[in-house]
Amino acid sequence: MPPKGKRKSAATSIEGSVPPQGPTLSESLSYLHLPRPFKNPYYTKNFNRRTKGLKYVLAAEREKLRHERDKAKDAMAVDGEETKYGKEEEEDSEMPTYTSIEAPPSVLPQKHYCDITGLEAPYTDPATNLRYHDKSIYDLIKNLNPDAEKAYLAARGVNPVVK
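Each residue is numbered by its place in its chain's sequence as written, counting from 1. In keeping with the predicted nature of the model, local features appear solely for residues at pLDDT of at least 70, side-chain atom pairs appear and are counted solely at 80 or more, and the whole-chain, interface and lining totals rest on all residues. Processing note: side-chain calculations cover all non-hydrogen atoms of the structure and skip hydrogens and water entirely.

## Description of the overall build of the protein
Strands here are runs of E lasting at least two residues and helices are runs of H or I lasting at least four, both read from the DSSP assignment and numbered beginning at the N terminus. A tally of helices and strands in the protein yields five helices and two strands. Walking the protein from its N terminus toward its C terminus, one meets helices and strands in the order α-α-α-β-β-α-α. Residue burial is assigned from relative accessible area. The probe radius is 1.4 Å, only protein chains are included, and a residue is buried under 20% of its type maximum, exposed over 50%, and partly exposed in between. Across the 163 residues in the protein, those meeting the buried criterion constitute 9%. Here the analysis covers contacts within the protein between residues at least 6 apart in sequence; of these, 28% occur between residues at least 24 apart. Note on areas: Shrake-Rupley, 1.4 Å probe, and residue coverage restricted to the protein chains presented here. Within the structure as shown, the protein displays about 15,400 Å² of accessible surface, and the carbon and sulfur contribution to it stands at 56%. By the convention used here, residues are in contact when the closest approach between their heavy atoms is within 4.5 Å.

## Some points on the packing of aromatic side chains
Note on aromatic contacts: the rings of Phe and Tyr and the six-membered ring of Trp form a pair at centre separations within 6.5 Å, being stacked when their planes are under 30 degrees apart, edge-to-face when over 60 apart, and tilted otherwise. Going through the model one piece at a time under the given rule, you end up with two aromatic pairs. Taking 5.5 Å as the distance between ring centres and 25 degrees as the angle between the ring planes, the aromatic pair formed by Y123 and Y132 counts as stacked. Aromatic pair Y132 and Y138: ring centres 5.0 Å apart, planes at 35 degrees, arrangement tilted. Among the aromatic residues, those joined into a ring-pair cluster are Y123, Y132 and Y138.

## Details of the side chain of T128
With respect to the element layout, T128 can be found in the loop between β1 (123-124) and β2 (131-132). Whenever two N or O atoms come within 3.5 Å, that pair is a polar contact, provided that in protein one can donate a hydrogen and the other can accept it, and provided that, for residues adjacent in sequence, both atoms are side-chain atoms. Within the local environment of T128, its side chain forms a polar contact with the side chain of D125, the two groups lying 2.6 Å apart. The contacts of T128, once residues within four sequence positions are left out, are I141, E149 and L153.

## Observations concerning the pattern of salt bridges
In the sections that follow, a salt bridge refers to a side-chain nitrogen of Lys or Arg positioned within 4 Å of a carboxyl oxygen of Asp or Glu. Inspection of every chain in the model, using the stated rule, returns four salt bridges. Residues R66 and D70 are paired through a salt bridge, measuring 3.0 Å at the closest nitrogen-oxygen approach. Of the two residues, R66 and D70 both sit in helix α2 (residues 54-77), four residues apart, roughly one turn of that helix. A relative accessible area of 30% places D70 in the partly exposed class. Salt bridges linked by common partners bring E63, R66 and D70 together as one network.

## Some points on the side chain of E149
Within the element layout of this structure, E149 appears in helix α5 (residues 146-156). We count Lys and Arg on the positive side and Asp and Glu on the negative side, and we leave His and both chain ends out. K150 is the oppositely charged side chain nearest to the buried, salt-bridge-free E149, at an N-O distance of 8.1 Å. Aside from chain neighbours lying at most four places away, what touches E149 is T128, L130, I141 and L144.

Treat this as a map of the structure, not an account of what it does.
Next up, the structure:
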């Protein structure tokens, strides 16, 4: 029996060099050498652009509002004289700020809530027009008197229709 660690590998040749091998499995399955048509070859990243944090934006707006108040105080201090600040304030008021941006209406459908429990209401009772969450609430709605039905509809802001 030969001593441990003294075995010769069959893969090595007589000179001790490793025979040439083909590409490894990871290299043969790689997509790195293929062109990427979804990337713009002329794109260069703008390193001069700096993102601003929310605290920075809010602090800048507070500073802008403080500056506008100071201008308004200065304009009020001058009695009856025309000031140059009037036109600047009109221009500044049109510029959107973080707190003044208005969002368009949502494209998602409005959620309906149960008039009794406040949970989401996928159902509406056709007789009373009350929204309800499940069968147990529907049983309760069927047993309500007309005054209670009107009270629930009034709480939702719907004017009850007199039949």
